[in-house]
Amino acid sequence: MKRPPITIPILLIGLISVSFAAIFIKLIGSSGPVHPIVIAAWRLIMTAVVIIPLGTVVLRGRLWTVMKKHGLILGIGGILLGLHFILWIASLNLTSVASSVVIVCMNPIWVGLASHFVLKERPGRHEVIGIVLAVAGAVIIGWGDFSVSHRALLGDLLALGGSFLMSGYMLLGRRVRVDVSLLEYITPIYTVAALAVAPFALVMDLPLGGYSGKVYLLLAALAIIPQLIGHTSFNWALRYVTATIVAVTILGEPVIATVLAYFILHESVTAVVVAGGIITLIGIGVVLAKSGNAHDE
């Protein structure tokens, strides 16, 4: 399939956008107690409110055709996405931003292995080198921030679970996106994700209302920037590049999130974090530079 020249820029736009997620979530937490499931629910509900009318008007009967052919995969993918957000947002309340984001962004390892055995997409030598560098840099970023406390350990385990779920979501997305348009894909999968998360809030009797205007504004920003712009950019790219390349790109999130946390949350940045960030960016650059030279798959 012909790869548009804007593929790499779109991936970078997605990377910058998703890097704001941890910042928005931390700001929400500092504005008042909001349960992680409520944050995940509002993020996906607001996204679905935008996507459903658009998809219904533009797609009309085509959406039903897509659901008949890919409904099971889209349903599973949506559930994985929703559960990913629950685990990852919960982890941010138990461990640090660096630890949580680094662990949840370990997708290239799981995606690379699964792509090889399931999708038969063997990563090239340049991709393997890039993955090793990017993962090594990400580990360096979070190494000094890992904690041995039980609370932090639970947060790290939740982030790891979120990483597994995101990997499955991306692999399923790669399989479907080669057959359907972007809107045909994100309309059902974002909707299912919202439907998968909302019942948790209802069953646990968690309030979806009664928060300050600042909290709702941050929730809207979380839905618009990391989700509608960020995740949708990655979903667009899955039609033209492998899930492994998308996963490696996402490894840049800890780097950008750390920079944003420095300027917005006034968190300190050590020389070790800077070194890890440089290594991660080099690894991502190796993968994307080689990928940008490929015209088709």
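A.B. asks: Sorry, what's going on with empty space enclosed by the protein here?
C.D. replies: Over the atoms rolls a probe the size of a water molecule, and its path tells where empty space is left. Taken as a whole, this structure holds two cavities of 30 Å³ or more when the rule is applied. A volume near 150 Å³ is recorded for the largest cavity. Going through the elements one at a time, helix H4 (62-92) and helix H10 (213-237) are the ones with two or more residues in the lining of the largest cavity. Among the elements that line the lining of the largest cavity, the one with the most residues is H4, at three residues. Class assignment for the residues of the lining of the largest cavity results in nine nonpolar, three polar and two charged. Taken as a whole, the second largest cavity spans an internal volume of roughly 60 Å³. Taken together, Met 166, Tyr 169, Met 170, His 231, Phe 234, Asn 235, Leu 238, Val 246 and Ile 250 form the lining of the second largest cavity. Looking at the lining of the second largest cavity, the elements with two or more residues in it are helix H8 (150-177), H10 and helix H11 (243-250).

A.B. asks: Would you take a moment to explain the packing of aromatic side chains for this structure?
C.D. replies: The relative placement of two aromatic rings is captured by the distance of their centres and the angle of their planes. Tallying each qualifying case throughout the model produces five aromatic pairs. Relative to Tyr 216, the ring of Tyr 211 lies with its centre 6.1 Å away and its plane at 70°, an arrangement referred to as edge-to-face. Ring pairs connect the aromatic residues Trp 42, Tyr 211 and Tyr 216, which therefore count as one cluster.

A.B. asks: Before we go on, may I ask you to explain the packing of H4 against H8 in this structure?
C.D. replies: Packed helix pairs are specified by the crossing angle of their axes together with the interaxial distance, meaning the distance between the axes. Running from N to C, H4 and H8 cross one another at 155°; their axes reach a closest spacing of 8 Å. Considering their axes alone, H4 and H8 lie roughly antiparallel with respect to each other. Seen from above, H4 lies across H8 with left-handed handedness. In this structure, H4 contributes His 70, Ile 73, Leu 74, Ile 76, Gly 77, Leu 80, Leu 81, Leu 83, His 84, Leu 87, Ala 90 and Ser 91 to the contact, and H8 contributes Gly 155, Leu 158, Ala 159, Gly 161, Gly 162, Leu 165, Met 166, Gly 168, Tyr 169, Leu 172, Arg 175 and Val 176. The class makeup of the residues in the contact of H4 with H8 is 15 nonpolar, eight polar and one charged.

Here is what the cut-offs are and how they apply
- Residues numbered from 1 in each chain as written.
- Predicted model: local features only at pLDDT ≥ 70, side-chain atom pairs only at ≥ 80, totals over all residues.
- Heavy atoms only, no water.
- 1 Å grid on protein atoms, 1.4 Å probe; cavity = no way out; pocket = protein on both sides within 12 Å on 5 of 7 lines; lining within 4 Å.
- Points joined across faces, edges and corners; volume = space filled by probe spheres on them.
- Helix = DSSP H or I, 4+ residues; strand = E, 2+ residues; numbered from the N terminus.
- Nonpolar A, V, L, I, M, F, W, Y, C, P; charged D, E, K, R; others polar.
- Phe/Tyr/Trp six-rings, centres within 6.5 Å; stacked < 30°, edge-to-face > 60°.
- Axes fitted to C-alpha atoms, helices over the stretch in contact; angles between N-to-C directions.
- Parallel < 35°, antiparallel > 145°, perpendicular 65-115°, else oblique.
- Left-handed = near helix turned anticlockwise from the far one by under 90°.
- Contact = heavy atoms within 4.5 Å.

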